[in-house]
Amino acid sequence: TQLLEQSPQFLSIQEGENLTVYCNSSSVFSSLQWYRQEPGEGPVLLVTVVTGGEVKKLKRLTFQFGDARKDSSLHITAAQPGDTGLYLCAGVGPDMEYGNKLVFGAGTILRVKS
Amino acid sequence: DSGVTQTPKHLITATGQRVTLRCSPRSGDLSVYWYQQSLDQGLQFLIQYYNGEERAKGNILERFSAQQFPDLHSELNLSSLELGDSALYFCASSVDWGFNYGYTFGSGTRLTVV
């Protein structure tokens, strides 16, 4: 069982559509990060959220941290083929394994068709 | 280029053999993390070193070991290899020993055990 549950596992959409990816846990996060990984490459950090209710925007990407700091979402507006990739959430918190090391969710594979 | 260098990029070896994966962290980063990524397990934390000392251990098998040298590069040694060890192995680095600044990942080493 994954400590961080990401949904959906796979998403295939047309260019221009909007989408939301979710990251949920029964544990409270001290901090949560979102990464994007392309085939053959390592994950690249997109954002870090640390405050419950926090909303951060990165161009067409909007990241939200739940008020209770147990969940997060990533919303992409007007998706483009260049958004295709594996989106990973990663969290750390006092109740998590390995002390303050990042624990990753299984990821959401996003495919944007032109 | 993320600044984290991993070699080799690909490695094919037979069961029972031993291999060494190498990682050079981003300039100025003192922490090195090793992760294993497979299709069924996702990104799994193996071990962390900070400024030459082991800082945290995750799901690292006894057949695996790592070290960080005075010049801060790190090596992950995998011995008595099994088919199930086939995976992508990522090295990541960060400026401190925690998570606040995010991790910078290398491009990974794809290990295939035949």
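Anything mentioned here points back to the structure above.
The model shown is predicted, which means the values in this text are computed figures rather than measured ones.

**Student:** Quick question: what am I supposed to make of the overall build of chain A here?
**Tutor:** When helices and strands are tallied, chain A shows zero helices and 11 strands. Listing the helices and strands of chain A from first to last along the sequence gives β-β-β-β-β-β-β-β-β-β-β. For chain A, the C-alpha atoms occupy an extent of roughly 45 × 30 × 20 Å along the three principal directions. For chain A, the proportion of its 114 residues judged to be buried stands at 46%. Sequence separation of 24 or more characterises 55% of the internal contacts of chain A that already satisfy a separation of 6 or more. Entry remark: accessible area of chain A is about 5300 Å², with carbon and sulfur atoms responsible for 48%. Charge centroids of chain A, computed over 10 positive and 11 negative side chains, lie 4 Å from each other.

**Student:** When you look at the sheet that holds strand β1 (residues 5-7) of chain B in this model, what are you seeing that I'm missing?
**Tutor:** Pairing between the strands of a sheet comes from backbone hydrogen bonds, and it takes one of two forms, parallel or antiparallel. Residue and element names in this part refer to chain B. With respect to topology, four strands assemble into an open sheet ordered β1-β3-β8-β7, the strand pairing being antiparallel. The two strands at the open ends of the sheet, each matched to only one other strand, are β1 and β7 (64-68). The sheet shows a mean angle of 15° between the axes of neighbouring strands, direction not considered.

**Student:** What is the right way to read the state of the cysteines from this model?
**Tutor:** Each disulfide consists of a covalent bond between the sulfur atoms of two cysteine residues. Residue and element names in this part refer to chain A. Scanning the entire structure with this criterion turns up two disulfides over all chains. Each sulfur of the disulfide joining C23 and C89 lies 2.1 Å from the other. With the S-S dihedral at roughly 70°, the linkage between C23 and C89 falls on the right-handed side. Placement of the pair is C23 in strand β3 (residues 19-24) and C89 in strand β9 (residues 85-92), with a sequence separation of 66 residues. Residue classification places C89 among the buried residues on the basis of a relative accessible area of 0%.

**Student:** What is the right way to read the interface of chain A and chain B from this model?
**Tutor:** Accessible area lost when the parts come together is the quantity often used to give the size of an interface. Contact with chain A, which involves 19 residues of that partner, is made by 21 residues of chain B. Counting each side, the surface lost to burial between chain A and chain B is near 1700 Å², with a carbon and sulfur contribution of 57%. Applying the counting rule to chain A against chain B returns zero salt bridges. Taken together, chain A and chain B are joined by six residue pairs in polar contact (both at pLDDT 80 or more).

**Student:** I keep staring at the environment of T15(B) and nothing clicks. Help me out?
**Tutor:** Inspection of the secondary structure puts T15(B) in the loop between β2 (10-13) and β3 (19-24). Here T15(B) is in contact with L81(B), E82(B), L83(B), V113(B) and V114(B), once residues within four sequence places are set aside.

**Student:** Which parts of the structure should I look at to understand the layout of surface pockets?
**Tutor:** It is a probe the size of a water molecule, rolled over the atoms, that shows where empty space is left. Within this model, the largest pocket holds a volume of roughly 670 Å³. Every residue lining the largest pocket is counted, 28 residues in all, and those nearest its centre are L86(A), I109(A), Q37(B), S38(B) and L39(B). Those elements giving two or more residues to the lining of the largest pocket turn out to be β1 (5-7) and β9 of chain A together with β4 (31-38), β5 (42-50), β9 (87-94) and β11 (109-113) of chain B. Residue classes in the lining of the largest pocket are distributed as 10 nonpolar, 13 polar and five charged.

**Student:** Explain the pairing of β3(A) to me, please; I cannot follow it from the model alone.
**Tutor:** If a strand is regular, its side chains alternate between the two faces of the sheet. All names here are of chain A. Alternating residues of β3 divide into L19, V21 and C23, all buried, and T20, Y22 and N24, none buried. Across three bridges, the pairing between β1 and β3 is antiparallel. Opposite E5, over in β3, you have N24 as the bridge partner. The pairing of β3 with strand β8 (residues 71-76) spans six bridges and is classified as antiparallel.

**Student:** When you look at the environment of V32(B) in this model, what are you seeing that I'm missing?
**Tutor:** All names here are of chain B. Note on placement: V32 falls in strand β4. On the basis of relative accessibility, which here comes to 0%, the residue V32 falls in the buried class. A C-alpha to C-alpha distance of 9.5 Å links V32 and T104, two positions 72 residues apart in sequence. In this structure, V32 is in contact with C23, P25, I47, Q48, Y49, Q68, L72, S74, C91, A92 and S93, ignoring residues within four places of it in sequence.

**Student:** Before we go on, may I ask you to explain the pattern of salt bridges in this structure?
**Tutor:** Proximity of charged atoms lets side chains of opposite charge pair with each other. All names here are of chain A. Summed over the entire model, instances satisfying the criterion amount to seven salt bridges over all chains. Put simply, R36 and E38 hold a salt bridge, and the shortest N to O gap is 3.4 Å. For R36, a relative accessible area of 18% translates into the label buried. For E38, a relative accessible area of 39% corresponds to the partly exposed category.

What counts, and at which threshold
Residues numbered from 1 in each chain as written. Chains lettered and ligands numbered in written order. Predicted model: local features only at pLDDT ≥ 70, side-chain atom pairs only at ≥ 80, totals over all residues. Heavy atoms only, no water. Helix = DSSP H or I, 4+ residues; strand = E, 2+ residues; numbered from the N terminus. Buried < 20%, exposed > 50% of the residue type's maximum accessible area, 1.4 Å probe, protein only. Contact = heavy atoms within 4.5 Å. Areas by Shrake-Rupley, 256 points an atom, 1.4 Å probe, with all protein chains shown as cover. Lys, Arg positive; Asp, Glu negative; His and termini not counted. Charge placed at Lys NZ, Arg CZ, Asp CG, Glu CD. Pairing = 2+ DSSP bridges. Axes fitted to C-alpha atoms, helices over the stretch in contact; angles between N-to-C directions. Disulfide = S-S within 2.5 Å. Buried area = accessible area lost by both parts, 1.4 Å probe. Salt bridge = Lys/Arg side-chain N within 4 Å of Asp/Glu carboxyl O. Polar contact = N/O pair within 3.5 Å; in protein donor to acceptor, adjacent residues only side chain to side chain. 1 Å grid on protein atoms, 1.4 Å probe; cavity = no way out; pocket = protein on both sides within 12 Å on 5 of 7 lines; lining within 4 Å. Points joined across faces, edges and corners; volume = space filled by probe spheres on them. Nonpolar A, V, L, I, M, F, W, Y, C, P; charged D, E, K, R; others polar.

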